[in-house]
Amino acid sequence: MTTDATDLAGDTYGKLLALLDERGAAYRVIEHAPEGATEAVSALRGHALDRAAKCIIAMVKIGKKEKRFALVVVPGDRRVDLAAVKALYGGTYVSFASPEIAEELAGSPSGTVLPFAFDERLELLVDPDLLEHPEFFFNAARLDRSLALSTEDYRAIAEPRVERVSAA
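All of these numbers come straight from a predicted model, not from anything done at the bench.

Q: Before we move on, can you summarise the sheet that holds strand β2 (residues 53–62) with the specific residues and values?
A: Across a sheet, paired strands are connected by hydrogen bonds in the backbone, their directions being either parallel or antiparallel. The five strands are arranged β5-β2-β3-β6-β9 in an open sheet whose pairing can be described as mixed. In the strand order of this sheet, the two ends are held by β5 (93–96) and β9 (161–162), each with one partner.

Have a look at this one:
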């Protein structure tokens, strides 16, 4: 039996809001036309691209038998530096996770991956450049809804590992 990521998205969205409310985070919900591409959704939300969180799940092989997954979060105007991710883990190979695995680990469809790791198999890696602004934006496990979240609250709640994982 497979689980459809779209079915999980509602649960993931609810889990996110419950967590943020429980922790007293400062955030705003932004409703917009359905869009998952960082550039297009940033325009809909009305903010600079570098204030958007681009969330990608990477798979790192360490030796022949071990596989690790990282939720890599970079500013919307940057790309994920896979070589840097590989080096952080001392990996032998790195790639983007398949869409099926990424959606399973994220609990939401591609284009709506949160900058939060709700699955214990994911390590959250965030590029420091994303954390320079007082708030940042991301799709909230739905194509038609985003959040603007206080960066300070995000760091306190998500407890990301902050590493240089982006490239121009």
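Q: Describe the sheet that holds strand β8 (residues 145–150), and please don't skip the residues or the numbers.
A: The three strands are arranged β1-β8-β7 in an open sheet whose pairing can be described as antiparallel. Strands at the two margins of the open sheet, each flanked by one partner only, are β1 (27–31) and β7 (135–142). With strand direction ignored, the average angle separating the axes of adjacent strands in the sheet is 25°. Bridging between β1 and β8 involves five bridges; their strand directions are antiparallel. Considered in β8, the bridge of Tyr 27 is made with Leu 149. The sheet contacts of helix α2 (residues 38–45) involve β1, β7 and β8, and relative to β7 the element is tilted by about 110°. Lying on the sheet, helix α5 (residues 151–158) is in contact with β7 and β8; it crosses β8 at an angle near 90°.

Rules of the game
- Residues numbered from 1 in each chain as written.
- Predicted model: local features only at pLDDT ≥ 70, side-chain atom pairs only at ≥ 80, totals over all residues.
- Heavy atoms only, no water.
- Pairing = 2+ DSSP bridges.
- Helix = DSSP H or I, 4+ residues; strand = E, 2+ residues; numbered from the N terminus.
- Axes fitted to C-alpha atoms, helices over the stretch in contact; angles between N-to-C directions.
- Contact = heavy atoms within 4.5 Å.

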